[in-house]
Amino acid sequence: MHRSVLFLAANAAACNPPYGFPEAGAGMVACTVGKAYVKCTSASGGGCLCISDDPTQCPGCGASNGFTCTNSCSPGSLGVSCGGPGPNGPSYQSLPTGCTNIGYTPGGVELACCPCGTQ
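Thresholds, definitions, all that
- Residues numbered from 1 in each chain as written.
- Predicted model: local features only at pLDDT ≥ 70, side-chain atom pairs only at ≥ 80, totals over all residues.
- Heavy atoms only, no water.
- Helix = DSSP H or I, 4+ residues; strand = E, 2+ residues; numbered from the N terminus.
- Buried < 20%, exposed > 50% of the residue type's maximum accessible area, 1.4 Å probe, protein only.
- Contact = heavy atoms within 4.5 Å.
- Areas by Shrake-Rupley, 256 points an atom, 1.4 Å probe, with all protein chains shown as cover.
- Pairing = 2+ DSSP bridges.
- Axes fitted to C-alpha atoms, helices over the stretch in contact; angles between N-to-C directions.

S.K.: Please clarify how the overall build of the chain should be interpreted in this entry.
M.R.: Across its full length, the chain carries zero helices and nine strands. Here the chain holds 119 residues, and the buried ones make up 37% of them. When contacts within the chain are restricted to residue pairs at least 6 apart in sequence, long-range pairs at least 24 apart make up 53% of them. Carbon and sulfur atoms make up 57% of the accessible area of the chain, which totals about 6200 Å².

Here's what the structure looks like:
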C-alpha cells in the first residue's frame, strides 16, 4: 500500500505511521513515505519499484505473480520519495537532513532511505 501523508512532527512511534517526519508546509506536496523502498524483479527481467508498508511486494508485483522483492532500506529506516517534475509544477517537500539518496526517477522524484525519527 502506498502512503502519502503530510508528516506530523515529533511522533514517538517514528517507524510506524505517521512516521514522525516534518510537516510539508502550506501549499507544498508532501513526500511519500512507507516502511520500505521495495524493488521487485522477475526471472524475465521485468520489475517494479515502490514505497510501501509491505516490504514483500509492490502493487501488482509480488511472489504470487512471479516477482522476488527486497527492501532497499536498512532496518530502522523508512522508504521515502520526494519531488516531481519542475520547474513550473507545484512546490514539493524536500528530503529532511540525514536521509540517504538512492536515486531519481526520470520525472525528477528523489528516492531515499531515512532513519526512523528523522526531523
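S.K.: How do you make sense of the side chain of Ser-81 when you look at a structure like this?
M.R.: As for its placement among the helices and strands, Ser-81 is situated in strand β6 (residues 77–82). Setting aside its immediate chain neighbours within four residues, Ser-81 contacts Cys-31, Thr-32, Ile-51, Val-109, Glu-110 and Leu-111.

S.K.: Looking at this model, I keep getting lost on the pairing of strand β8 (residues 100–104). Mind explaining?
M.R.: Across a regular strand the side chains alternate sides, sitting on one face of the sheet and then on the other. Looking at chain direction, β8 and strand β9 (residues 110–115) are connected through four bridges and run antiparallel. Bridged to Tyr-104 within β9 is Glu-110.

S.K.: What should I look at first to understand the sheet that holds β8 in this one?
M.R.: Neighbouring strands of a sheet are bound in pairs by backbone hydrogen bonds; such pairs are parallel or else antiparallel. If you trace the four strands from one edge of the open sheet to the other, you get β2-β6-β9-β8, paired in antiparallel fashion. The open sheet is flanked by β2 (32–34) and β8, the only strands paired with a single partner. For this sheet, the mean angle separating the axes of adjacent strands, direction not counted, is 20°. Pairing analysis gives three bridges linking β2 to β6, with the strands arranged antiparallel. If you follow Thr-32 over to β6, its bridge partner there is Ser-81.

S.K.: Got a minute to help me understand the sheet that holds strand β4 (residues 47–52) in this structure?
M.R.: Taken together, the three strands give an open sheet; going across it, the order is β4-β3-β5, and neighbouring strands pair in antiparallel fashion. One side of each edge strand has no neighbouring strand; the edge strands of this open sheet are β4 and β5 (67–71). If you compare each strand with its neighbour and ignore which way they point, the axes differ by 20° on average. With five bridges joining them, strand β3 (residues 36–42) and β5 adopt antiparallel strand pairing. Across the sheet, Val-38 pairs through a bridge with Asn-71, a residue of β5.

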